[in-house]
Amino acid sequence: MTLPRIRKALLQKRYAATEAAAIRKKAIAISGAPSAIGAVPDRGVATPEDHVFSREIGCTRRIFQLKPFLTTSQLEGLAYRIRTLTKNEALNSILIATDSSHPEDGLPSMLHDRNYPFLQHESVDEGFPPQPDHKFYVSGGYDPLTLYQQSAERVQMHLSHLMDVALAVRGSSGGSKIPTISVPHGHFHDGAFALFGMGTYVLATRETSFSITNPSKGLSLDPVGLSYILPRLGQEFNQPSANYTGCGMIMALMGYKANAEDMMEVGLATNYVETPRVISLLENTLSQLPPWNQQALIKNPIQYHGELEPTHDHNAEFRNYVVAEAIHNFSSYRADGADIWTTSDRDAFLMEKDPSLELDHVPWHSMRSSNLVDYAATFDAIFKTETTLMGIHERLKEIAGRVTNDPEEQEGIDVASDFCRRLESQSPLAVSAVYRLLREGTKPLETLQSCMEREKLVQTNLYTKEDFAAWAKARIAGQVGEAFSGWKHRSIHEVSDDEVTELVESPKLVSGRTRLASIGKLGEQ
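Thresholds, definitions, all that
Residues numbered from 1 in each chain as written. Predicted model: local features only at pLDDT ≥ 70, side-chain atom pairs only at ≥ 80, totals over all residues. Heavy atoms only, no water. Buried < 20%, exposed > 50% of the residue type's maximum accessible area, 1.4 Å probe, protein only. Helix = DSSP H or I, 4+ residues; strand = E, 2+ residues; numbered from the N terminus. Pairing = 2+ DSSP bridges. Contact = heavy atoms within 4.5 Å. Polar contact = N/O pair within 3.5 Å; in protein donor to acceptor, adjacent residues only side chain to side chain. Salt bridge = Lys/Arg side-chain N within 4 Å of Asp/Glu carboxyl O. 1 Å grid on protein atoms, 1.4 Å probe; cavity = no way out; pocket = protein on both sides within 12 Å on 5 of 7 lines; lining within 4 Å. Points joined across faces, edges and corners; volume = space filled by probe spheres on them. Nonpolar A, V, L, I, M, F, W, Y, C, P; charged D, E, K, R; others polar.

## Some thoughts on the pairing of strand β2 (residues 60-65)
- With respect to burial, β2 is a largely interior element, six of its six residues being buried.
- Of the two faces of β2, the one carrying T60, R62 and F64 and the one carrying R61, I63 and Q65 are both buried.
- Examined bridge by bridge, strand β1 (residues 52-57) and β2 share six bridges and lie antiparallel to one another. Pairing of I57 across the sheet is with T60, part of β2.
- In sequence, β1 turns back onto β2 through a hairpin of two residues, with G58 there showing a positive phi of about 65°.
- Bridge count for β2 against strand β3 (residues 93-98) is six bridges, and the pairing is parallel. Each bridged residue has a counterpart across the sheet, and for Q65 the counterpart in β3 is T98.

## Thoughts on the environment of V434
- Here V434 shows up in helix α17 (residues 428-441).
- A relative accessible area of 0% means that V434 is categorised as buried.
- Residues V434 and N214 lie 220 residues apart in sequence; the distance between their C-alpha atoms is 9.7 Å.
- Not counting residues within four places of it along the chain, the set of residues in contact with V434 comprises P215, S220, L221, A252 and L253.

## Considering the side chain of T180
- Here T180 lies in strand β5 (residues 180-183).
- A residue is classified by how much of its surface remains accessible, and T180, at 1% relative accessible area, is buried.
- At a separation of 2.7 Å, a polar atom in the side chain of T180 contacts the main-chain carbonyl oxygen of V169.
- In this view, T180 contacts T86, I94, V169, G199, T200 and Y201; residues no more than four positions away in its chain are not counted.

## A few points about the pattern of salt bridges
- One pass over the structure, following the stated rule, counts 14 salt bridges.
- When the shortest N-O distance is used, the salt bridge between D336 and R334 registers 3.1 Å.
- Residue D336 is classed as partly exposed on the basis of its relative accessible area, which comes to 42%.
- The shortest N-O distance in the salt bridge between K384 and D380 comes to 3.4 Å. Within this pair, K384 and its partner D380 are both found in helix α14 (residues 380-385), separated by four residues, close to a single helical turn.
- For K384, a relative accessible area of 48% corresponds to the partly exposed category.
- Here the salt bridges do not stand alone but share partners, grouping D418, R421 and R422 into one network.

## Here's the deal with the layout of surface pockets
- Quantified by volume, the second largest pocket comes out at close to 530 Å³.
- The class makeup of the residues in the lining of the second largest pocket is 11 nonpolar, nine polar and five charged.

Structure (structure tokens):
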């Protein structure tokens, strides 16, 4: 090709891209979408600059998170996209996942079959410990350091967009019809729960884990509704963990990392996938399923000339059922289901027994267990009788100080000692605020959104406190190792109720209470 032809081809390509951008900009303006929607592109090919993008795959949409932290504009754009997609009757589902191409443990996509080089060679787990201790890292939601020394308005706006993402993924916005499917293949924590823990379905893999690390940074719960969800673990699927309030306490106060089995047994995950390679098959299946508005099993009644359009949706109870059935078929077991049934268990098929006479229940082997539930059951009396954080700490210290020759009792002592160490290593003010949020969230009249609003208020206030500033300075200077200890208070015993109340209550309530107190003092004089 001659040089003039090459130049002409490049110009045509540039003009085409400019025209496409102009058309997109006009469409955004007509729809009333925020300008931040541009931070979440919906093109087929990702670039190294993209943190998150979405793509059409048949009748489903897949949202890829390519980098672990999202900015304010990306959170705003993502919330709008998900909120809009969940109302689109031409879809059947929204699949939210990372993208990885690790030869053994990667989370594949149909996009790999289409030879997109960036998706094949870049992933959010890059830079983490190599084999054999390699662990996939999904997301932390956002980087708290980006909000260091920012105004309260800027912090509140950022947290509001994070809360919008959580509500959009959960389908709490009005008119939501399309289910969301989250696949956290790796570790996610704190604010990432908005995207990977709030889905209609949360599919856990062998690499999945979740933890709350904010108190170790001088911060509290991000506004994703954990103060409402954690006190109610196990209740949605009527699981045994619903009897142990300590499950949520251990996760929130001790920074416990819940693995896939823990998440399944407390209801944080809805389905367990034996191998992440199944996700590509699930994605392919979802792409071929009919959209929401075509999922019909019953024909509408005959309508005669002049009759009004029927207002009752005769297929309402059948919609989304086909998506649920596909997910369950690709899962090893469900949170609300029975024991694990593994088809690769050769012993189950080679037993020399008459199947017409063998009346044992199926499956024959019960393998469901959870260390988190076991720990909560062990210390259940402490979490149910103690009504203060200091009381819980003192009871755990008492157990940690015991001496025994019994191996089983020693295991409980070691766990109590580890819980005390974890509790003492975090910011006393932040962990006290987390405990107050959990106590408030257990009240009967609380809702998910009311708890989110309270979490946002507490988090906004903690961003202005000394503990976060000290942690951020040490982190920027590269001085933060395994645990930071330069907190304002030496222990939770030094944190007063007034300090925690100041974080939990809005400035208007606090100022009003102060004004009333001053009036009372003047009256006494």
